[in-house]
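Structural overview
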Amino acid sequence: MDIKANLESVKKTFKNPDCLLVAVSKTKPISDLKEAYEAGIRDFGENKVQELQEKQPQLPEDIRWHMIGHLQRNKVKYIAPYVHLIHGVDSFKLLKEINKQGKKIDRKIPVLLQMHIAEEDSKFGFDRKEMDEMLADPDFTELTHVTIKGLMGMATFTENEEQIRREFQGLKNHFEELKTNPLPEFMKMEVLSMGMSGDYLIAQEEGSTMVRIGSAIFGARNY
Ligand SMILES: *Cc1c(COP(=O)(O)O)cnc(C)c1O
């Protein structure tokens, strides 16, 4: 697996050169991450706290670690001191726990709110109603130790490109709509994290600012 060559060919296809590439290194050995690091990658995505905890101390300190998977509340404390961005915030309860852990260490933790845009029920995320309820909750404006940077979403796993496109368009519309709302100071709509190996080109065409790409860089994963 030539990671450097894969990175170059992925980058070459980008519809938007300013879209940030997060290299999703879950299940991959440290040596693979080092190769990507040497090829210039500084943003890495992991989806398990334990794996992130093992890898982080073994790699250079200027790496920006993205927690992209479903995060359990009781594990927030482990990554709170160093995580660069938590993509998968899918409940108010989780957001409050992140705020609580941020307060303990006096750090405003950057997060994205994950929206449920796929047809499958298996994917996590807020639906519109839950999101609106949270935004209207008086406790929401009391948050002091999180910074909400934008939204994240995962499209349905399907060959149907029109469906994927529609789901990304829906997320982008929601993102733009939120920008026009009066939002608290700690909430800014700047990052739209959408797109993986199979659908990042569609995501970029629909306005993604951050793509999370694993297998197209590191090869298929064996679980
Ligand atoms: C694994 C994963 C990715 C990357 O998937 P690939 O298809 O390998 O690019 C992106 N986002 C999330 C949330 C993931 O869990």
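In every chain, residue numbers begin from 1 and rise along the written sequence. Given that the model is predicted, a residue must reach a pLDDT of at least 70 before its local features are reported, and side-chain atom pairs must reach 80 or more before they are shown or counted; all residues, however, enter totals for whole chains, interfaces and linings. Each side-chain value is derived from all of the structure's non-hydrogen atoms; neither hydrogens nor water enter the calculation.

Turning our eyes to something else, we now look at the overall build of the protein chain. Secondary structure elements follow DSSP: runs of H or I of four or more residues count as helices, runs of E of two or more count as strands, with numbering from the N terminus. Counting secondary structure elements, the protein chain contains 9 helices and 8 strands. Taken against the 2.2 N^0.38 rule, which gives 17 Å for 223 residues, the C-alpha radius of gyration of the protein chain at 17 Å falls within 12% of a compact globule. Across its three principal directions, the C-alpha atoms of the protein chain cover 50 × 40 × 30 Å. Counting every position in the protein chain, which comprises 223 residues, the buried fraction comes to 50%. Note that the radius of gyration is over C-alpha atoms, with the globule rule given as 2.2 Å times the number of residues to the power 0.38. A 1.4 Å probe rolled over the protein chains alone gives each residue an accessible area, and that area as a share of the maximum for its type sets the label: buried under 20%, exposed over 50%, partly exposed in between.

A pair of Phe, Tyr and Trp rings is counted when the ring centres sit within 6.5 Å of each other, with Trp represented by its six-membered ring. The angle between the planes then sorts it: under 30 degrees is stacked, over 60 is edge-to-face, the rest tilted. Counted according to the given criterion, the structure contains 4 aromatic pairs. With a centroid separation of 5.3 Å and 55° between ring planes, the pair formed by Phe140 and Phe186 is classed as tilted. In this pair, Phe140 sits in the loop between helix H6 (128-136) and strand E6 (146-153) while Phe186 sits in the loop between helix H7 (161-179) and strand E7 (187-194), placing the two residues 46 residues apart along the sequence. By way of ring pairs, the aromatic residues Phe92, Phe140 and Phe186 are connected into one cluster. Look at NZ for Lys and CZ for Arg. If either is within 6 Å of the ring centre and within 35 degrees of the ring normal, a charge sits over the ring. Of note, Arg42 hangs over the ring of Tyr37, and the distance from its end group to the ring centre comes to 3.5 Å. In this arrangement the basic side chain of Lys96 is found over the ring face of Phe92, its NZ or CZ atom lying 4.3 Å from the centre.

So, about the pattern of salt bridges. Salt bridges are identified by distance alone: a Lys or Arg side-chain nitrogen within 4 Å of an Asp or Glu carboxyl oxygen. If you walk through the whole model with that rule in mind, you get 13 salt bridges. Residue Arg42 is joined to Asp62 by a salt bridge in which the shortest nitrogen-to-oxygen separation is 3.3 Å. With Arg42 in the loop between helix H2 (30-38) and strand E2 (43-46) and Asp62 in the loop between helix H3 (49-55) and strand E3 (64-67), this pair connects stretches of sequence that are 20 residues apart.

Take the site of the ligand next. Around the ligand, the neighbouring residues are Val24, Lys26, Ile68, Met152, Met154, Met196, Ser197, Arg212, Ile213, Gly214, Ser215 and Arg221. Any pair of N or O atoms that falls within 3.5 Å is considered a polar contact. Within protein, one atom must be able to donate a hydrogen and the other to accept it, and sequence-neighbouring residues count only if both atoms are side-chain atoms. With respect to the ligand, the backbone of Ser215 contributes an N or O atom lying 2.8 Å from an oxygen atom. Using the Shrake-Rupley algorithm and a 1.4 Å probe, accessible areas are obtained, with residue cover drawn only from the displayed protein chains. When the ligand is considered free in solution it has 380 Å² of accessible area, and contact with the protein chains removes 90% of it. Its atoms largely coinciding with the cavity grid, the ligand occupies the largest pocket. The residue inventory of the shell around the ligand, partitioned by class, reads 6 nonpolar, 3 polar and 3 charged. Working definition: residue near molecule or strand if any one of its non-hydrogen atoms lies within 4 Å of it. Put plainly, a pocket is an open set of points on a 1 Å grid over the protein atoms alone with protein on both sides within 12 Å along at least five of seven lines, a cavity is a set where a 1.4 Å probe fits but cannot get out, and a lining residue has an atom within 4 Å of a point. To be counted as sitting in a cavity or pocket, a molecule needs more than half of its atoms within 2 Å of that site's grid points. Residues are grouped as follows: Ala, Val, Leu, Ile, Met, Phe, Trp, Tyr, Cys and Pro are nonpolar; Asp, Glu, Lys and Arg are charged; every other residue, Gly included, is polar.

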